[in-house]
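# Commentary on secondary and tertiary structure
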Amino acid sequence: MGKLIHIVEDEADILELLQLQLAGAGYHTRGFADAPALLDYLLSEQPDLILLDLMLPGMDGFEACRRLRSDPALRRIPIVMLTARADIEDKVKGLEFGADDYVTKPFEASELLARIKAVLRRSAWEGEKNVLDITSDFRLDFNRYEAFRSGKRIDLTLTEFKILQLLTKRPGWVYNRNQILDFLWGTDKIVTERTIDVHIRNLRDKLGELAYMVKNVRGLGYKFSTKQEQNGLQDGQA
Ligand code: CA
């Protein structure tokens, strides 16, 4: 069964090209000329992934991303953003708004397909253990890709959850940014290490009082530990 991808792109030529390329790779697609049309349609059918253009008439890709991520029923659908600008600020902003990855226009079909494949692979179930109780009131559910604090779900994006998944595999072990990038994007990555810092910052914001567990080890990377450290290495700004 081919995966279903919803594409939001206001330029008809590009939309048609995307649909041809994705169909050629075995995906089912559905195209939308603007974000509200997609949001309406999601009430009746949810895709395996959304390919979202940044520059759209009316509601732009950032706002669409924000809305998708703030809706509990939709927030786990992976999002790949299409941006015409190579501007790093746009990319960082896209990730801050919850996109899982981005592709810069003009793009090669092979690059786009590799990105989509990588994001879909990440979203597939691959947990060895289903549930990990980190503390008595902090739980990770690897089947559902959800984190719970005192029984309440913490609103994490797939990428944020995956970072927790990696770091909690070996508590105390320091992962450098490149290792985290490798885990998240494999060999398909062309993102910068700075994007990891953005995801970590978002993750910490959402963890609230638990944020201290995701520790920045200056000059090295990040580690996970439930110990409250007082030596100045803890919880530093990235
Ligand atoms: Ca556009």
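Being a predicted model, the structure only gives us computed values, none of them experimental.

The rules behind these values
Residues numbered from 1 in each chain as written. Predicted model: local features only at pLDDT ≥ 70, side-chain atom pairs only at ≥ 80, totals over all residues. Heavy atoms only, no water. Domains from an automatic or database assignment. Contact = heavy atoms within 4.5 Å. Buried area = accessible area lost by both parts, 1.4 Å probe. Salt bridge = Lys/Arg side-chain N within 4 Å of Asp/Glu carboxyl O. Polar contact = N/O pair within 3.5 Å; in protein donor to acceptor, adjacent residues only side chain to side chain. Donors = N, O, S within 2.8 Å, 3.2 Å for Na, K, Ca; no water. Helix = DSSP H or I, 4+ residues; strand = E, 2+ residues; numbered from the N terminus. Buried < 20%, exposed > 50% of the residue type's maximum accessible area, 1.4 Å probe, protein only. Pairing = 2+ DSSP bridges. Axes fitted to C-alpha atoms, helices over the stretch in contact; angles between N-to-C directions.

### Structural notes on the domain arrangement of the protein chain
What the domain assignment reports for the protein chain is domain 1 (4–123) and domain 2 (131–224). Look at where the C-alpha atoms of domain 1 and domain 2 centre, and you get two points 23 Å apart. Counting residues at the interface gives 22 residues for domain 1, matched by 23 residues for domain 2. When domain 1 packs against domain 2, the two sides together hide about 1,900 Å² of surface, and 49% of this comes from carbon and sulfur. Sorting the residues of domain 1 by area buried against domain 2 places Arg75, Arg76 and Arg122 first, and these three jointly supply 34% of that buried surface. The interface formed by domain 1 and domain 2 includes zero salt bridges. Counting the contacts that link domain 1 with domain 2 gives one residue pair in polar contact (both at pLDDT 80 or more).

### Focus on the coordination of the calcium ion
Where a metal carries four tetrahedral donors, each ideal angle is 109.5 degrees; where it carries six octahedral donors, the ideal angles are 90 or 180 degrees. Surrounding the calcium ion are the protein donor atoms Asp10 (OD), Asp53 (OD) and Met55 (O), which sit 2.1 to 2.3 Å from the metal. All donors of the calcium ion belong to a single chain; written as a sequence motif, their spacing is D-x42-D-x1-M. Of this pair, Asp10 sits in the loop between strand E1 (4–8) and helix H1 (12–24) while Met55 sits in the loop between strand E3 (49–53) and helix H3 (61–70), placing them 45 residues apart in sequence. Overall, Asp10 belongs to the partly exposed group, its relative accessible area being 32%. When its relative accessible area of 49% is taken as the criterion, Met55 is described as partly exposed.

### Observations concerning the sheet that holds strand E8 (residues 146–149)
Pairing is antiparallel across the open sheet formed by four strands, whose spatial order is E6-E7-E8-E9. Two strands lie at the open edges of the sheet, namely strand E6 (131–135) and strand E9 (152–154), each paired on one side alone. On average, each strand axis in the sheet is tilted by 30 degrees relative to the strand beside it, whichever way the strands run. Where E6 meets strand E7 (residues 138–141), four bridges bridge the pair, whose relative direction is antiparallel. Looking at E7, one finds that Leu132 is bridged to Leu140. Across the face of the sheet, helix H6 (residues 158–169) comes into contact with E6, E7 and E8 while running at roughly 105 degrees to E7.

### Describing the pattern of salt bridges
One pass over the structure, following the stated rule, counts 15 salt bridges. Glu45 serves as the salt-bridge partner of Arg30, at 3.4 Å between the closest nitrogen and oxygen. One end of the pair, Arg30, is in strand E2 (residues 28–32); the other, Glu45, is in the loop between helix H2 (35–41) and E3, and 15 residues separate them in sequence. With relative accessibility at 36%, the residue Arg30 sits in the partly exposed group.

### A few points about the sheet that holds strand E5 (residues 101–104)
Spatially, the five strands line up as an open sheet ordered E2-E1-E3-E4-E5, and their pairing is parallel. The open sheet has two free edges, formed respectively by E2 and E5, since each of these has just one partner strand. Across the sheet, the mean angle separating the axes of adjacent strands is 20 degrees when strand polarity is ignored. Judged from the five bridges that link them, E1 and E2 form a sheet pairing that is parallel. The residue bridging His6 from the neighbouring strand is Arg30, located in E2. Set on the sheet, H1 makes contact with E1, E2, E3 and strand E4 (79–83); between it and E2 the angle comes to about 170 degrees. Strands E4 and E5 of the sheet are contacted by helix H4 (residues 88–96), whose axis makes an angle of about 150 degrees with E5.

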